Amino acid sequence: MGLGVRWTLHGDGRTPAPGAVVRPDERLSWPRTAGLGAQHVVAMFGASFVAPVLMGLDPNLAIMMSGVATMIFLLATRGKVPSYLGCSLSFVGVAAAIRASGGDSATVTGAVLVVAAVLFLAGLVVRKFGARVIHTAMPPVVTGAVVMLIGFNLAPVTATTYWPQDQWTALLVMLFTGLAVVCLRGFLSRIAIFLGLVFGYLLSWVLDLVFGKIHSPAGGAEAVDHWRLDLSAVGQADWVGLPSFHAPSFEWSAILVALPVVIALIAENAGHVKAVGEMTGDDLDDKLGTAIAADGAASVLSTAVGGPPNTTYSENIGVMAATRVYSTAAYWAAACFALLFGLCPKFGAVVAAIPGGVLGGITVILYGMIGLLGAQIWTNAKVDLRNPLNLVPAAAGIIIGVGGVSLKISDNFELGGIALGTLVVITGYHVLRAFAPAHLKPDGPLLDAGTSAYDEKDPLFGENGKTDGK
């Protein structure tokens, strides 16, 4: 069986005929393929370099490992599932919670590595027994609630860490990003977060020129005078060099906080594989387990050297929908570009210099969008929240996760926040279901449609029912 690294030339290699698509095993000319690869890199940049910054990890290593992860994914799926694996934002809240309890970068990557290993094993289970075993354990009401509490658990990070550093810049960046998300069309709408960061970067530079230093918290609790945009590290950084690696460390308390995110990753992968299958016209159900396992394996490798975990990206699925080019050759080109960016420390220094106020404006929208993906799962699956079997465990788990409620087990062990909220949702639903009267139990199998739906009649999606972003 081939590895999916051989492609036939589509037509004349220039432009697909009207109505034609470039299939995964086809390609355009290599210069055009390289151009498409560069477009995929730009599409994933917005979230892929925000994620490591918010997690306190090296952005250069993150971008480089996203390229490696994409190569692993393409090889594992034999070139049948064209997707880019960028840095996962699902772990941002986990990283914040671990650091708040005294953990460092090694603790964060160690906890996430365990989650990635569980994701890999889940993929193997799906390959062996089919997707139903996962969907039965995590029906849409459970998956939606867990995704929602993971996203909304991030709210205090914005409110207490980023926004106070420069509230007016944060407000303007929030407004600009919101307008970009809503008003821009096509490719620009898919990089709205990236555009918001660029706007905030330039705005901070202008405000420093006009008003000088700002008196506010900067990486600590005390307010001090500081520049909004400090580029001193950029000038000192080399143009070429390796990113900073570190080994993970493992602590049970951190691992328990991180484990619930595996539910979101399974749902996300399922939705994205479904979306790619609908666009290409291929039945990819038999590739779902492989895709999940490949994502897990790639994330294990990334976190083992100090990078963040990875996941399939809707932004890049949107690029395929717009261009109708599904060639995996373009993704190989994108992965190579990402590797090159990762070997440029100056690029990492520019990313690391993003002002806190800019991140405040971005994260107000971004964290909320992550949480509302849970509501999207409920909507897609037509979850009935009037049914107390759905309402009670979801309501309790979300409040526990968002409010940071904790349960002290012993003097040295405490369960709270995301971990406790997830446990309440999952166990609460299945226990209540076991005792619920028949009329409260939904008819049909417990199936999860994932985080993405592609319906031609849905106004939130683009032309021909294809999504315009993540």
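Structure: above.
Residues numbered from 1 in each chain as written. Predicted model: local features only at pLDDT ≥ 70, side-chain atom pairs only at ≥ 80, totals over all residues. Heavy atoms only, no water.

**Re the packing of helix H7 (residues 140–152) against helix H19 (residues 356–381)**
Then step 1. At a minimum axis distance of 6 Å, the contact between H7 and H19 shows a crossing angle of 170°. In this view, H7 runs roughly antiparallel relative to H19, as classed from their interaxial angle. Residue-level inspection shows Pro140, Val141, Thr143, Gly144, Ala145, Val147, Met148, Gly151 and Phe152 of H7 in contact with H19, the latter providing Tyr367, Gly368, Ile370, Gly371, Leu372, Leu373, Gly374, Ala375, Ile377, Trp378 and Ala381.
Then step 2. Considering only residue class, the contact of H7 with H19 consists of 14 nonpolar, six polar and no charged. (Axes fitted to C-alpha atoms, helices over the stretch in contact; angles between N-to-C directions. Helix = DSSP H or I, 4+ residues; strand = E, 2+ residues; numbered from the N terminus. Parallel < 35°, antiparallel > 145°, perpendicular 65-115°, else oblique. Contact = heavy atoms within 4.5 Å. Nonpolar A, V, L, I, M, F, W, Y, C, P; charged D, E, K, R; others polar.)

**Remarks on unusual backbone geometry**
Then step 1. For Arg78, which is not a glycine, the phi torsion comes out positive at approximately 55°.
Then step 2. Tracing the backbone through its elements, the reader meets Arg78 in the loop between helix H3 (59–76) and strand E3 (85–87).
Then step 3. According to the relative accessible area criterion, Arg78 is partly exposed, its value standing at 29%.
Then step 4. Located in the positive-phi region is Lys382, a residue other than glycine, with phi close to 55°.
Then step 5. Mapped onto the elements, Lys382 comes out in the loop between H19 and helix H20 (388–403). (Buried < 20%, exposed > 50% of the residue type's maximum accessible area, 1.4 Å probe, protein only.)

**Looking at the pattern of salt bridges**
Then step 1. The final tally for this structure, using the stated rule, is four salt bridges.
Then step 2. Arg228 serves as the salt-bridge partner of Asp208, at 3.0 Å between the closest nitrogen and oxygen. Of this pair, Asp208 sits in helix H11 (residues 192–211) while Arg228 is found in the loop between strand E5 (223–226) and helix H12 (232–236), placing the two residues 20 residues apart along the sequence. We note that Asp208, like Arg228, is buried.
Then step 3. Notably, a salt bridge pairs Arg386 with Asp384, separated by 3.1 Å at the nearest N-O pair.
Then step 4. Relative accessible area serves as the criterion here: at 74%, Arg386 is assigned to the exposed category.
Then step 5. Each of the salt bridges in this network shares a partner with another, and the network as a whole consists of Asp166, Asp208 and Arg228. (Salt bridge = Lys/Arg side-chain N within 4 Å of Asp/Glu carboxyl O.)

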